[in-house]
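Per-entry structural report
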Amino acid sequence: SSGINAEYGPLDRKFDILISEWMGYGLLFECMLDSIIIARDKYLKPGGLVVPNRASMFITAVSDEASYHKRFSYWNNVYGFKMSEMIPELYSEAVVEVVGKDTVISDHCGFKHLDLCTVKVSELEFSRPFQLQMKSSSTLTSFVIHFRCFFDGDFSIVLDTSPECPTTHWLQTSLYLKSPVEVAEGDIVTGTVSFNKNSDVKRGYIIKLEGMVKRESTEITKFDHQFYLH
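Just so you know, these numbers come straight off a predicted model, no measurement behind them.

**A look at the side chain of S63**
- Within the secondary structure layout, S63 lies in the loop between β3 (54–62) and α3 (65–72).
- Exposure remark for S63: the relative accessible area of 13% places this residue in the buried category.
- Those residues within four positions of S63 in sequence are excluded, and the remaining contacts are T103, I105, S138, T139 and T141.

Written out as C-alpha cells, the structure is:
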C-alpha cells in the first residue's frame, strides 16, 4: 500500500469499481496484479466491482519444428562462427512470440483460475497439475502458456490470448523442450507447471515444467525444465 500511496497520494475514500489493465506476458509477468490486490483491499467498497473480474491460465502442446530449428540451430553457424555455447542459455528462456494456430497439437488445459475479487498475493506463486491429449501424430517441440480474462456482466466480454484466437498485445509464451518428442494421436501428457517470482529479477517469474508422455499407459519419456520469464 505504501507504493500505491507514493504513486497516487493518500486516498481517504473508497470506490465502487476498480478497473485496470494489469495483465502481463503469461498473465503474471511484471507482477502488476500484486498492486491491484492491494488497491482492491484498501480502496474498494464492500461488494464493489473489479474489472476484469476473472482470469484463467492455460497450457497447450505445440509442434513447430521450423521455429525450433531457427531459434537453436542458428547459433551453430553465425556468419561462419560457431556460437553453440549460447544454446543452453536459450533453452531456459520463456519466449514471448506469436504461435501459429496450425502448430497446436493438443487440447487446452486450464491450470490456474483467479477470482480477482478474492485472490490473495500469496496465491500468485503456485504449482498446478495439467493433462493434455495429443490431437495428431507429430513432433512435440514446446508448450505454450496463454490466458483468458473475463469481463462478466449483463454484456460479458472475454479476452482470449490462445494461439487459435486473433493475435493480441500479449502474444503467447513458449516453453521450448531441450529434446523434442515424437508423439502419436491419443498420447497423454501429464505433469505440473509452477510459477514463482524471481527474487533476482524485479517483476520476473520462474516457470518450472515437469511431466511425462504416455502412450496406452506406457511411459514414453519424461521432461523437467526451468524457464525464466523476464
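**A look at unusual backbone geometry**
- That bond from V51 to P52 is cis: its omega, -5 degrees, falls within 30 degrees of zero.
- Relative to the helices and strands, P52 is located in the loop between β2 (44–51) and β3.
- Phi is positive for L171, which is not a glycine, with a value near 50 degrees.
- Residue position: L171 is located in the loop between β8 (157–160) and β9 (172–183).
- We classify L171 as partly exposed; its relative accessible area is 21%.
- The backbone phi angle of R203 is positive, close to 70 degrees, even though this residue is not glycine.
- Residue placement: R203 occurs in the loop between β10 (188–197) and β11 (205–215).
- With relative accessibility at 43%, the residue R203 sits in the partly exposed group.

**Digging into the sheet that holds β10**
- Pairing is antiparallel in the open sheet, where 4 strands are placed in the order β6-β10-β11-β12. The sheet is open, and its two borders are formed by β6 (126–133) and β12 (218–229), each paired with just one other strand. Each neighbouring strand pair of the sheet contributes to a mean axis angle of 15 degrees, computed without reference to strand direction.
- For β10 and β11, the ladder comprises 10 bridges, and the chain directions are antiparallel. Considered in β11, the bridge of T190 is made with M212.

**So, the packing of aromatic side chains**
- As enumerated under the stated definition, the model contains 14 aromatic pairs in all.
- An angle of 55 degrees between the planes, with centres 4.8 Å apart, marks the rings of Y68 and F72 as tilted. Taken together, the residues span about one helical turn, with Y68 and F72 both in helix α3 at a distance of 4 residues. Both residues of the pair, Y68 and F72, belong to the buried class.
- When the ring of F72 is compared with that of Y91, the centres are 4.2 Å apart and the planes differ by 20 degrees; the resulting orientation is stacked. Residue F72 is located in helix α3, and its partner Y91 is located in helix α4 (residues 87–91); the two are separated by 19 residues in the primary sequence.

**Quick look at the nonpolar core**
- Core analysis: the biggest nonpolar cluster contains 51 residues, and L27, L28, F130, F143 and F195 have the highest contact counts within it.
- Membership of the second largest hydrophobic core comes to 9 residues, among which are Y68, W75, V78 and Y91.

**Looking at α3**
- Taken together, the buried positions of α3 are Y68, R71 and F72. One side of α3 holds all its buried residues, which, seen down the axis, span an arc of 80 degrees. Of the exposed residues in α3, the ones pointing more than 90 degrees away from its buried face are A66 and K70.
- Where α3 is buried, its residues touch α4, β4 (95–97), β7 (138–151) and β9.

**Some thoughts on the pattern of salt bridges**
- Applying the stated criterion to the full structure yields 8 salt bridges.
- Between D152 and R54 there is a salt bridge; the shortest N-O distance is 2.7 Å. With D152 in the loop between β7 and β8 and R54 in strand β3, the pair connects residues that are 98 residues apart, well separated along the chain.
- Owing to a relative accessible area of 39%, D152 belongs among the partly exposed residues under this scheme.

**Focus on the environment of R40**
- Position of R40 relative to the elements: it lies in helix α2 (residues 32–43).
- By relative accessible area, R40 is classed as buried at 8%.
- Other than its neighbours up to four places away in sequence, R40 contacts L18, V50, L116, C117, T118 and V119.

Parameters at a glance
- Residues numbered from 1 in each chain as written.
- Predicted model: local features only at pLDDT ≥ 70, side-chain atom pairs only at ≥ 80, totals over all residues.
- Heavy atoms only, no water.
- Helix = DSSP H or I, 4+ residues; strand = E, 2+ residues; numbered from the N terminus.
- Buried < 20%, exposed > 50% of the residue type's maximum accessible area, 1.4 Å probe, protein only.
- Contact = heavy atoms within 4.5 Å.
- Pairing = 2+ DSSP bridges.
- Axes fitted to C-alpha atoms, helices over the stretch in contact; angles between N-to-C directions.
- Phe/Tyr/Trp six-rings, centres within 6.5 Å; stacked < 30°, edge-to-face > 60°.
- Core = buried A, V, L, I, M, F, W, Y, C linked by side-chain atoms within 4.5 Å.
- Arc of directions from axis to C-beta.
- Salt bridge = Lys/Arg side-chain N within 4 Å of Asp/Glu carboxyl O.

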